[in-house]
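The chain contents come next:
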Amino acid sequence: MTDSKIKDFFRDVIFGDPMTALGFVGVVLFLLVALFAPIIAPQNPYDLGAISIMDGQLAPGESLMDGTIAIFGTDEQGRDILSTIIYGLRISLFVAITASTIGTAIGIYLGLISAYYGGVVDSIVMRLVDVKMSFPGILLALMLLALMGQGVEKVILALIIGIWASKARVTRSAALGEIRKEYMRAAQLAGLSANQIILRYLLPNSIAPVIVMLPMIISGAIAAEATLSFLGVGVPITEPSLGMLIANGFDYLLTGYWWISILPGVVLVVLVLCINVVADRIREYANPALRHETM
Amino acid sequence: MLSFIVNRVAHSLVVAWIISAIVFFGMYVVADPIDSFLPEDATAADEQAFIEAYNLDKPALVQYGSFLIRLVQGDLGISFNHGEPVLDLILDRLPATLELAVIALAFALLIGIPLGIFSGLNPRTKRSKATMFLTTIGYSVPNFWQGIVLILVFAVTLRLLPAGGRGDTATFLGAEWAFLTLDGWRHMALPVINLAIYKICMHTRLARSGTRETKTQEFMTFAKAKGIADQTLIRSHLLPNILIPIVTITGLEFGALIAFSTVTETVFSWPGLGKLLIDSIKLGDQPVVTAYLVLISFMFVTINLIVDVVYALIDPRIRYSAQG
């Protein structure tokens, strides 16, 4: 993609619609906050020296012992909720982006070899896709985590297993359309190896439909990770994501300390909505049939 | 048709077999079954008896064979925490999950389909666009979070409905059901809404796109030209045509509903299968976890099989493409 095309894309697609522009700015802000969490957060909520139990369960806007104001309140341990959210955002985004990238890459690769080799490879991969798709993702993830136990890398693995299948299917059908074209035949006649053809020619021409889905995959992964962590089978308590923060605060919801659970949840929902607004717009833009209908 | 059914049954059996192998591998080979399946205060004699009963001193293949035989006989072990056979425990919790799922599904169909048809007939109106916007939100907001907000609004703030539990139950067909008592309905209201929201959004969208596709077809124009009243037109010409995909997806999604009830049951402390699973995972009650996973996967395989066969019965094209 040339520079001017990228510029056009941002001008027409992202900033051409106020909701999308807002969502995009939101996503960028969330990413920056997650990236610079230790600098931005008022305190390190997991440094026992920095928190005091005397500051426990302060409502949003009340001031701590040292005089600073806790805008989002504190939890039962005296941790500043704003800080736990900023650190939690970091874990949520890290898990979701890692899992989405790896899961999508695996799906693309399997889709490509499935389309290129056909035959036995194709039927094995596609049968695996069928089996995977006949179970809801959350059930597979629960199954895996019940067998493996908690952990950041285990959640990532469970999410990857939930992600790859449909991407393999989409890539395969895009690649099947490409394989019949003449340049593929030319590449084969030129004596390139199967790997070279797949990576150099088939890959760039078949990944568009899946790449367009990537923002949606990431927001789905964020929600899935939050759900698993809320259920208590996701990230460990030492590395709380947004879902884990909501779960911890949930115990206090009925006693009136609503902010411990609700504020991380609001951040989670705003994050997912921001990504989805941008994702929807990109998908519409990429699909001429939809574009015609909505614009 | 017979060869199609045989083909699908064989496929289902292979999938069920793969699942049993994965669960066996995870529970008996990767993890130590003595650790997993015997309570911590078990004596050496208990351990010896367990090893002999489960053939743990034999090769892995023999162990797998006896695992399969126990599975077929319905012997899924004894729960550590409850001291009861796991199968009894699961059957005991099943009604709570079933009533939640069935009522949520009924709501999803009764609200989603009319909403979708209305929205598909008038896609450019403000109301239709608002409906679509709401379904987008219903889709993107995580289910457990919707439940928490429901509790905050209806239980904590307005104090209209209980925040959790199942309330009074009454006995029917040898099981306890909450839908037979008023108190049960009060407790069921929020979990049912929570479980139904996602499905309502899905059915609205399905019915909407089906309606938009069908209403421009020639038989609709013809029926309209004949002067058939709008009500009849929708009921006897539009509805049957949009119903086929909805029926299939409803079948498949019923399984997903039971899987998702894990989330709803945890949020609302609803004593069903999903809560049993999560509690058992947290307490390390491996026999229950294993049994749940095996049973729910088999249930999925069966549902998929039934949906495939029913779909092939309705739509001959599928029958033939699967054979060819």
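Residues numbered from 1 in each chain as written. Chains lettered and ligands numbered in written order. Predicted model: local features only at pLDDT ≥ 70, side-chain atom pairs only at ≥ 80, totals over all residues. Heavy atoms only, no water.

**Q** Is there a simple way to explain the overall build of chain A in this structure?
**A** A tally of regular secondary structure across chain A gives 13 helices and zero strands. Starting at the N terminus and walking to the C terminus, you meet the elements of chain A as α-α-α-α-α-α-α-α-α-α-α-α-α. Principal-axis analysis of the C-alpha atoms places the extent of chain A at approximately 75 × 45 × 35 Å. For chain A, the residues scored as buried account for 47% of the 295 residues in total. Partitioning the intrachain contacts of chain A with sequence separation of at least 6 by distance along the chain shows that 68% fall at a separation of at least 24. (Helix = DSSP H or I, 4+ residues; strand = E, 2+ residues; numbered from the N terminus. Buried < 20%, exposed > 50% of the residue type's maximum accessible area, 1.4 Å probe, protein only. Contact = heavy atoms within 4.5 Å.)

**Q** Just checking my understanding: could you explain the interface of chain B and chain A for this structure?
**A** Tallying the contact residues gives 38 residues for chain B and 34 residues for chain A. Of the roughly 3200 Å² buried between chain B and chain A on both sides combined, carbon and sulfur atoms contribute 83%. Put simply, chain B and chain A have zero salt bridges between them. At the boundary of chain B with chain A, the tally comes to one residue pair in polar contact (both at pLDDT 80 or more). Taken together, the elements giving at least two residues each to the side of chain B that touches chain A come down to α1 (2-30), α6 (126-140), α7 (143-157), α10 (230-267), α11 (273-283) and α12 (286-314) of chain B. Per-element tally for the side of chain B that touches chain A: the top contributor is α12 of chain B, with nine residues. The class makeup of the residues in the side of chain B that touches chain A is 26 nonpolar, nine polar and three charged. (Buried area = accessible area lost by both parts, 1.4 Å probe. Salt bridge = Lys/Arg side-chain N within 4 Å of Asp/Glu carboxyl O. Polar contact = N/O pair within 3.5 Å; in protein donor to acceptor, adjacent residues only side chain to side chain. Nonpolar A, V, L, I, M, F, W, Y, C, P; charged D, E, K, R; others polar.)

**Q** Just to check I follow, could you spell out the pattern of salt bridges for this structure?
**A** Pairs may arise between side chains of opposite charge once their charged atoms sit close together. As enumerated under the stated definition, the model contains ten salt bridges over all chains in all. Its salt-bridge partner being aspartate 122 of chain A, residue arginine 172 of chain A comes within 2.7 Å of it at the nearest N-O pair. Separated by 50 residues along the polypeptide, arginine 172 of chain A in helix α7 (residues 152-179) and aspartate 122 of chain A in helix α5 (residues 119-133) bring together distant segments of the chain. Using a relative accessible area of 21% as the deciding quantity, one classes arginine 172 of chain A as partly exposed. On the basis of relative accessibility, which here comes to 15%, the residue aspartate 122 of chain A falls in the buried class. The salt bridge involving aspartate 279 of chain B is made with lysine 275 of chain B; its shortest N-O contact spans 3.2 Å. On the criterion of helical spacing, the pair formed by aspartate 279 of chain B and lysine 275 of chain B is a turn pair, its members being four residues apart in helix α11. One salt-bridge network, held together by shared partners, links Asp8, Arg11 and Asp12 of chain A.

**Q** Hey, could you run me through the environment of valine 9 of chain B in this one?
**A** Here valine 9 of chain B shows up in helix α1. Separated by 292 residues in the primary sequence, valine 9 of chain B and valine 301 of chain B have C-alpha atoms spaced 9.5 Å apart.

**Q** Help me understand empty space enclosed by the protein in this model?
**A** The method is simple in principle: a probe with the dimensions of a water molecule rolls over the atoms, and the space it marks as empty is what remains. Residues and elements named next belong to chain B. One pass over the structure, following the stated rule, counts one cavity of 30 Å³ or more. If you add up the space inside the largest cavity, you get close to 110 Å³. What lines the largest cavity is a set of 13 residues, and nearest its centre among them are Tyr28, Phe67, Asp75, Leu76 and Thr290. Broken down by secondary-structure element, the contributors of at least two residues to the lining of the largest cavity are α4 (60-73) and α12. Considering every element that reaches the lining of the largest cavity, the biggest residue donor is α12, with four residues. (1 Å grid on protein atoms, 1.4 Å probe; cavity = no way out; pocket = protein on both sides within 12 Å on 5 of 7 lines; lining within 4 Å. Points joined across faces, edges and corners; volume = space filled by probe spheres on them.)

**Q** Got a minute to help me understand the state of the cysteines in this structure?
**A** Disulfide: a covalent bond connecting the sulfur atoms of a pair of cysteines. Counted according to the given criterion, the structure contains zero disulfides over all chains. Considering cysteine sulfurs only, cysteine 201 of chain B is the nearest to cysteine 274 of chain A, which forms no disulfide, with 19 Å between them. The exposure class of cysteine 201 of chain B is buried, given its relative accessible area of 6%. (Disulfide = S-S within 2.5 Å.)

**Q** What is the right way to read the environment of alanine 312 of chain B from this model?
**A** When you line up the elements, alanine 312 of chain B lands in helix α12. As for alanine 312 of chain B and valine 294 of chain B, which are separated by 18 residues in sequence, their C-alpha atoms are 27 Å apart.

**Q** Would you explain the packing of helix α9 (residues 218-225) of chain B against α10 of chain B in this entry?
**A** Any two packed helices are characterised by how steeply their axes cross, that is the angle between the axes, and by the distance between the axes. Residue and element names in this part refer to chain B. At a minimum axis separation of 11 Å, α9 and α10 run at an interaxial angle of 160 degrees. Considering their axes alone, α9 and α10 lie roughly antiparallel with respect to each other. Seen along the crossing, α9 lies across α10 with a hand that is right-handed. Contacts between α9 and α10 involve Phe219, Met220, Ala223 and Lys224 from the former and Asp230, Leu233, His237, Leu238 and Asn241 from the latter. Taken together, the residues of the contact of α9 with α10 break down into five nonpolar, two polar and two charged. (Axes fitted to C-alpha atoms, helices over the stretch in contact; angles between N-to-C directions. Parallel < 35°, antiparallel > 145°, perpendicular 65-115°, else oblique. Left-handed = near helix turned anticlockwise from the far one by under 90°.)

**Q** Is there a simple way to think about a negative patch on the surface in this case?
**A** All names here are of chain B. Together, Asp32, Asp35, Glu40, Asp41, Asp46 and Glu47 give the surface a local cluster of negative charge. Secondary-structure assignment places aspartate 46 in helix α3 (residues 44-53). Assessed through its relative accessible area of 40%, aspartate 46 is described here as partly exposed. (Patch = residues over 30% accessible without salt bridge, like charges linked within 9 Å, V, L, I, M, F, W, Y side chains within 5 Å. Areas by Shrake-Rupley, 256 points an atom, 1.4 Å probe, with all protein chains shown as cover. Lys, Arg positive; Asp, Glu negative; His and termini not counted. Charge placed at Lys NZ, Arg CZ, Asp CG, Glu CD.)

**Q** Help me understand helix α2 (residues 18-35) of chain A, please; the structure alone is not making it clear to me.
**A** Because each turn of an α-helix spans 3.6 residues, side chains separated by three or four positions in sequence point in the same direction. Residues and elements named next belong to chain A. Relative to the 26 Å expected for 18 residues at 1.5 Å per residue, α2 spans 26 Å between its end C-alpha atoms, a close match to the ideal helical length. Those residues of α2 lying buried are Thr20, Ala21, Gly23, Gly26, Val27, Phe30 and Ala34. Looking at the buried positions of α2, the neighbouring elements they touch are α1 (3-14), α3 (37-40), α4 (81-117) and α12 (259-286). (Expected span 1.5 Å × (residues − 1).)

**Q** What exactly am I supposed to notice about the confidence of the model for chain B here?
**A** Note that predicted coordinates carrying low pLDDT should not be read in detail. When pLDDT is averaged along chain B, the result is 83; 94% of the residues meet or exceed 70. Of the two predicted TM-score estimates for the complex, the pTM is 0.86 and the ipTM is 0.84. (pLDDT = per-residue confidence, 0-100.)

**Q** Teacher, can you tell me more about the packing of aromatic side chains here?
**A** The description of two aromatic rings rests on the distance between their centres and on the angle between their planes. Residue and element names in this part refer to chain A. If you walk through the whole model with that rule in mind, you get 13 aromatic pairs over all chains. Aromatic pair phenylalanine 10 and phenylalanine 24: ring centres 5.5 Å apart, planes at 65 degrees, arrangement edge-to-face. Of this pair, phenylalanine 10 sits in helix α1 while phenylalanine 24 sits in helix α2, and the two are 14 residues apart along the sequence. With relative accessibility at 31%, the residue phenylalanine 10 sits in the partly exposed group. Among the residues examined, phenylalanine 24 registers a relative accessible area of 23% and is labelled partly exposed. Judged by centre distance (5.7 Å) and plane angle (65 degrees), the ring pair of phenylalanine 230 and phenylalanine 250 falls under edge-to-face. Residue phenylalanine 230 is found in helix α10 (residues 208-231), and its partner phenylalanine 250 is found in helix α11 (residues 242-253); the two are separated by 20 residues along the sequence. Using a relative accessible area of 17% as the deciding quantity, one classes phenylalanine 250 as buried. A connected cluster of aromatic rings, assembled from ring pairs, spans Tyr252, Tyr257, Trp258 and Trp259. (Phe/Tyr/Trp six-rings, centres within 6.5 Å; stacked < 30°, edge-to-face > 60°.)

**Q** Could you clarify how one ought to interpret the confidence of the model for chain A in this entry?
**A** This prediction gives chain A a mean pLDDT of 87; 97% of its residues lie at or above 70. Here helix α13 (residues 288-294) of chain A stands out as the least confident element of chain A, with mean pLDDT 50; α4 of chain A is the most confident, with 95.

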